[in-house]
Amino acid sequence: MDGTDYNRPRRPNTDTLTYLKSLPLNEKLAHEEIAAFIAQQGKDTQKQEAQNSQRNDDEEHTETETDQLEYPQIFSAAMAALDEIRNEIASLAGDEFGSQCIETIARITAPYSDLAARKLLYGVAGYMIHLSTHRYGSHVIQTILQSVTSNDKNRNLKDVDIVKVLELDEEDEDHGFKLPSLKDLVLSLSDEIRHVSKDLAVHICGSHVLRSILITLGGCVEIVPDHLVQKSGSVMETGLTKRGKAKTQKKKKKNKTVMMADSVRNNASFSQFERIETPRVDSNDIVVQESLFAIIQELTSLDLTDAKDIGPWKPGNLQQLVCNPSAGPLLLVLIKIVIHLDKTEARDAIDDELLTEQEKANRSISDFRLGIQSSQVQFSTGTMAERLVKRILCWNESNTDDERQEIAGDIIYGFAGETRGSHMVETILRTSNDSFYAKFCDAGKFFESNTFQDYSRHDVSNFIIQTLLNTARTRDQVEKLIKCVESLIEDGYILDLKNRRKGIFWRTVEMAAKFRIGQETILKFIRKGFGAVTSNNSIEMKDCITNLINLRIPQDGKRFLELDANGARAVYQLLRFVPRLCGDTLSAIISSYDASELEFMCNDGLASKCIIDGILDGPTNIKPFSQAVKRLFEKLKGRWIALSVHRVGHHTVKKIFKKLTNIEDRASLSKELANGINRLNGNAIGRSIIIDCAVKDYMEGEEVWNNAVKKLLEKECFLEEILKGDVGAEKKRKRKRKKGDKSTNEEQDSKKVKS
């Protein structure tokens, strides 16, 4: 791109900047005002008769409420400001302060007003190439495009006629000139940058603008993890949304236990999208899809509209784009967008309707600490997404199933050793259908022992091995992978802390626990591996567990416990083995650490989830888990009050009260908590413990306490049955079937180990 290919806006007017500085625009408060106003208007419409009947009784309250819920003032001010600057948007987008103001105005107005979105898009039309490569202008373009496809259901406004409720005039009157429609404006911006899409893809700012264009044309929005939705005013604060907002001066200390979890990373290969239906830009419209396919063809030289475009291809510029720091993540997003073009459903929502927002956030945090990644949508055989992946890999369709893909194998091997290219391999492993997954692994020689070890010992490609272990589809594949990893466990390479490969061991244990294959083999090789590392051939399981966890108590001046995140997660998965194999692991945890160390674990987010909950989430009604719960309770006696008022530790108190099998032990716990009831009453966490552990009922007498505990346990069982869907006779049939499956799996495991 040379400087004559694009228009450049003039400098912003200083008077306009002064005007923008005088505006009291608060984005969070603006959305709250709009939501409250719309909710009140909806109540007035739906319950008019009920309100009329109660008007005499609640007259004073109604008048006060009406006075408080005036028309949203900040929204009105933002709409007025947009009218003032509509002809200077491109100029302001290149200014640091001006760009921040435009982004704030866009986030306030565009989700509710089509006219506002049209004005913003029209204001940057003709300047797209310049603004896309500008450090401030690129953020403005992204924010405007995101606001255009903003999903109103996140603010519970899905079925509300916003234009009617907010009394918006969506007809633009400016000397007889009528703004183009939203679809035409988006298509115009897309056509403006299409011919330079390859240049923008490798630009640090331009790649993000191109990404936003692709997402808009594809009709997708990024899924925000549930535990991040509640933060910072229910908005996920990325680098984009933080701009223009005050930042606190206080620096927050980071928990090293989470920072050590280097195998669970935040990047484009983990991002997820869902397809939405919006009348603004219909992604099913033929013209919109043609614009999207035109950009894809410019980037990849693949015509998705022509099913006969199947190669053969040779490696070239596209593979270089995959390994580019800017273009690589863009292509990962492109694959996921194309996947959604082939599918009507975006993701499976399991039990989401039965959970509150806080419960969803808690589940999301729990999955994050355990390293559990939500399943991604997979492309089907013969779809456009599969053709796009094959184009990237230069897949030879003329080869038979028995012939190896030599060129694709070389490309996979090259990607695996490169930082950005490895993300592409991981994405393909997660999103492939079962048939292509097997062919892809065969082309990359992932099931061959020498190649597997080569990948495992590399500083980059070892993460691909972790993803491979996490995404294995069949029992046959699992058996091959366990054979490949056995030697790495036996010689201690992936167990030695200095090699930083415990992530491979964690994923291996997780895979064995999931498929119930090779569990006894792994336990046998753990001792051999740590024996090789410590030069002690008679090492006990107790020492193996402590080496995996690598616990370090915080010293003076430190706040957080330190432990090996991957090792702790491996211990959690060891506790998911069949119960008869968990005895040594449970005994090692309880006997290796004293009461103070166990208390530190209960108060640490990662340690409590992986180790303490690893015990309490097991089948605690049978041995050896019931014995471990009993020993854990006895060891922490005298510390339950302190745990009950801790932000993290109180979860252990609630859980162990339900998991104790002896009624006398429950009474002992309630008695200890009753002795510190004044301390428990000091905060909300302690008061919740008083209710969930029947502390006040214990103080009223044994009979009252017994009845209260019985009701609590019945309620807990009832809720579990609802969530699991096991009710009545169906539940009994499932239990019988599970027992049969369990015994069959154990017999198969024992036969394989003997052989």
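Residues numbered from 1 in each chain as written. Predicted model: local features only at pLDDT ≥ 70, side-chain atom pairs only at ≥ 80, totals over all residues. Heavy atoms only, no water.

(A) Summary view of the overall build of the chain. A count of helices and strands for the chain gives 44 helices and 2 strands. Residue burial in the chain is summarised as follows: out of 755 residues, 49% are buried. A sequence separation of at least 24 residues applies to 76% of the contacts in the chain between residues at least 6 apart. Entry remark: accessible area of the chain is about 37,500 Å², with carbon and sulfur atoms responsible for 47%. (Helix = DSSP H or I, 4+ residues; strand = E, 2+ residues; numbered from the N terminus. Buried < 20%, exposed > 50% of the residue type's maximum accessible area, 1.4 Å probe, protein only. Contact = heavy atoms within 4.5 Å. Areas by Shrake-Rupley, 256 points an atom, 1.4 Å probe, with all protein chains shown as cover.)

(B) Spotlight on the packing of aromatic side chains. Counted according to the given criterion, the structure contains 10 aromatic pairs. An aromatic cluster is defined as three or more aromatic residues linked by ring pairs; in this entry it consists of F379, W395, Y413, F436, F440, F446 and Y455. In this arrangement the basic side chain of R507 is found over the ring face of W506, its NZ or CZ atom lying 3.8 Å from the centre. Sitting above the plane of the F525 ring, K524 keeps its charged end 5.3 Å from the centroid. (Phe/Tyr/Trp six-rings, centres within 6.5 Å; stacked < 30°, edge-to-face > 60°. Lys NZ or Arg CZ within 6 Å of the ring centre and 35° of its normal.)

(C) Examining helix α33 (residues 583-592) more closely. All buried positions along α33 are accounted for by T585, L586, A588, I589, I590 and S592. At its buried positions, α33 is contacted by α31 (541-549), α32 (565-574), α34 (595-602), α35 (605-616) and α36 (625-635).

(D) Layout of unusual backbone geometry. P624 follows K623 through a cis peptide bond whose omega is 0°. Mapped onto the fold, P624 is located in the loop between α35 and α36. Unusually for a residue other than glycine, S535 sits at a positive phi of about 55°. Position of S535 relative to the elements: it lies in the loop between α30 (519-534) and α31.

(E) Main features of the packing of helix α5 (residues 73-85) against helix α8 (residues 114-124). Where α5 meets α8, the closest approach of the two axes is 11 Å, and the angle between their N-to-C directions is 30°. Where α5 crosses over α8, the handedness of that crossing is left-handed. In this structure, α5 uses M79, L82 and D83 to contact α8, whose residues at the interface are A116, K119 and L120. For the contact of α5 with α8, the residue count by class is 4 nonpolar, no polar and 2 charged. (Axes fitted to C-alpha atoms, helices over the stretch in contact; angles between N-to-C directions. Left-handed = near helix turned anticlockwise from the far one by under 90°. Nonpolar A, V, L, I, M, F, W, Y, C, P; charged D, E, K, R; others polar.)

(F) Focus on the environment of I689. Here I689 lies in helix α41 (residues 684-692). Judged by its relative accessible area of 0%, I689 falls in the buried class. Between the alpha carbons of I689 and I641 there is a distance of 9.6 Å; along the sequence they are 48 residues apart. In contact with I689, not counting residues within four places along its chain, are S644, H650, V653, K654, L673, L680, A694 and V695.

(G) Quick peek at the pattern of salt bridges. All told, the structure shown has 29 salt bridges when counted by the stated rule. With a shortest N-O distance of 3.8 Å, K390 and E386 are connected by a salt bridge. Within this pair, K390 and its partner E386 are both found in helix α22 (residues 384-393), separated by 4 residues, close to a single helical turn. Of the two residues, K390 and E386, neither departs from the other in class, the shared state being buried. Among the ionic pairs, D434 bridges to R473, the shortest N-O distance being 2.8 Å. (Salt bridge = Lys/Arg side-chain N within 4 Å of Asp/Glu carboxyl O.)

(H) Quick look at the packing of helix α26 (residues 449-456) against helix α27 (residues 462-470). As a packed pair, α26 and α27 sit with axes 7 Å apart at the nearest point and diverge in direction by 120°. Between α26 and α27, the crossing angle belongs to the class labelled oblique. Residues F452, Y455 and S456 of α26 form the contact with α27, whose participating residues are N462, I465 and L468. (Parallel < 35°, antiparallel > 145°, perpendicular 65-115°, else oblique.)

(I) Summary view of the side chain of S132. Along the chain, S132 falls in helix α9 (residues 128-132). Setting aside residues up to four positions removed in sequence, S132 forms contacts with S138, I193, L200, C205, G206 and V209.

(J) Structural context of helix α24 (residues 419-431). With 13 residues, α24 extends 19 Å from end C-alpha to end C-alpha; this agrees with the ideal 18 Å at 1.5 Å per step. Across the 13 residues of α24, 11 count as buried, placing the element largely inside the fold. Among the residues of α24, G421, S422, H423, M424, V425, E426, T427, I428, L429, R430 and T431 are the ones counted as buried. (Expected span 1.5 Å × (residues − 1).)

(K) A look at the environment of C693. Mapping C693 onto the fold places it in the loop between α41 and α42 (695-700). C693 sits 19 residues away from A674 along the chain, and the two C-alpha atoms are 9.8 Å apart. Leaving out residues up to four positions away in the same chain, C693 has contacts with V653, F657, S670, L673 and W705.

(L) Molecular detail of the confidence of the model for the chain. The pLDDT averaged across the chain works out to 81; a share of 77% of its residues lies at or above 70. Within the model, the stretch residues 152-156 combines pLDDT values under 50 with 10 contacts to residues more than four positions away or in other chains. (pLDDT = per-residue confidence, 0-100.)

(M) Fine view of the environment of M541. As for its placement among the helices and strands, M541 is situated in helix α31. M541 gets classed as buried once you look at its relative accessible area, which sits at 5%. Each residue touching M541, except ones within four places of it in the same chain, is listed here: L523, I526, R527, D584, T585 and A588.

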